[in-house]
Amino acid sequence: YGPDTSNVPNVIKISGIWQVPHFHLSGAADKFLNGWQVAPIVSWQSGFPFSIMSGYDNSYSGDYVDRADFASGATLGQAKLNPNRSHGALIQEYFNTAAFQANADGTHGNTGKNILSGPGIFNTDLALLKNTKIGERFTLQFRAEAFNAFNNVNFGQPDDFVSDGEADIQTFGQILYTSTSPRIMQFALKLLF
């Protein structure tokens, strides 16, 4: 099961194309220093909400979508761990797994839907463009692009299944993948006429 996309996280996106100021120069200096543009796309996004799943069909409904129960005495506040811990700590235990257990027989689980939120995302894609006039009809465009320019690690959702229906899952509460690629750069030249 993936995240419930009916609850869309908060998203801030900033983008645009900015022209670097023009310097009143001539000759080679004009060709090199003028005609630059910067085009960033910056995205901040809160994490997707998710439910803690039992992994058992203790409700006997036949669809294995029972949610977990809170462990004896556990609360939602105890289940949430500080998201500002080290990356290593976040990967090993994103939420307090001891706060959950498989649902009781004949129930659908007592934890609510989408009670926890996954890791947020911060990403910056950046393009640097240089347009150089060559005579009256031609423009040479140089383009350098960096996707995930600051090489931020954006984690995927943690494993949210208490069990696989037979035994407790060893990866319960762990983050097993990243949701974005590492920094990727590309360069291009284009002749416009």
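Each chain has its residues counted from 1, following the order in which its sequence is written. Reporting in this predicted model follows two pLDDT cut-offs: at least 70 for local features of residues, and 80 or more for side-chain atom pairs to be given and counted; totals over whole chains, interfaces and linings ignore these cut-offs and use all residues. Side-chain figures throughout are based on the complete set of non-hydrogen atoms in the structure, without hydrogens or water.

J.: Help me understand the packing of aromatic side chains in this model?
T.: Aromatic rings considered in pairs are described by the distance between their centres and by the relative angle of their planes. Stacked, tilted and edge-to-face are the three classes assigned to paired rings of Phe, Tyr and Trp, where Trp is represented by its six-membered ring and a pair needs centres within 6.5 Å; plane angles under 30 degrees give stacked, over 60 edge-to-face, the rest tilted. Counted according to the given criterion, the structure contains 7 aromatic pairs. Between the aromatic rings of Phe50 and Phe95, the centroid separation amounts to 5.9 Å while the plane-to-plane angle is 45°, which identifies the pairing as tilted. Taken together, the residues span a long stretch of sequence, with Phe50 in strand 4 (residues 49-50) and Phe95 in the loop between helix 3 (87-92) and strand 6 (100-101) at a distance of 45 residues. Both residues of the pair, Phe50 and Phe95, count as buried. Relative to Phe193, the ring of Phe138 lies with its centre 6.1 Å away and its plane at 55°, an arrangement referred to as tilted. Within this pair, whereas Phe138 is found in strand 9 (residues 138-147), its partner Phe193 is found in the segment after strand 10 (184-192), the two being separated by 55 residues in sequence. Given the relative accessible area of 71%, Phe193 is considered exposed. Here the aromatic cluster, defined as three or more aromatic residues joined through ring pairs, consists of Phe50, Phe70, Phe95, Phe100 and Phe172. For helices the rule is a DSSP run of H or I covering at least 4 residues; for strands it is a run of E covering at least 2, with both sets numbered from the N terminus onward. Accessible area is worked out with a 1.4 Å probe on protein chains only. A residue is then buried under 20% of its type maximum, exposed over 50%, and partly exposed in between.

J.: What exactly am I supposed to notice about the nonpolar core here?
T.: The tendency in soluble globular proteins is for nonpolar side chains to be buried as a group. By convention a nonpolar core is built from buried Ala, Val, Leu, Ile, Met, Phe, Trp, Tyr and Cys residues, the set being connected through side-chain atoms within 4.5 Å. Ile52, Phe95, Phe100, Ile115, Leu116, Val162 and Phe172 are the most contacted members of the largest nonpolar core, which has 18 residues in total. Contacts: residue pairs with any heavy atoms within 4.5 Å of one another. Dropping the residues within four chain positions of it, Ile52 is found in contact with Arg67, Ala68, Phe95, Phe100, Thr111, Ile115, Leu116, Asp160, Val162 and Phe172.

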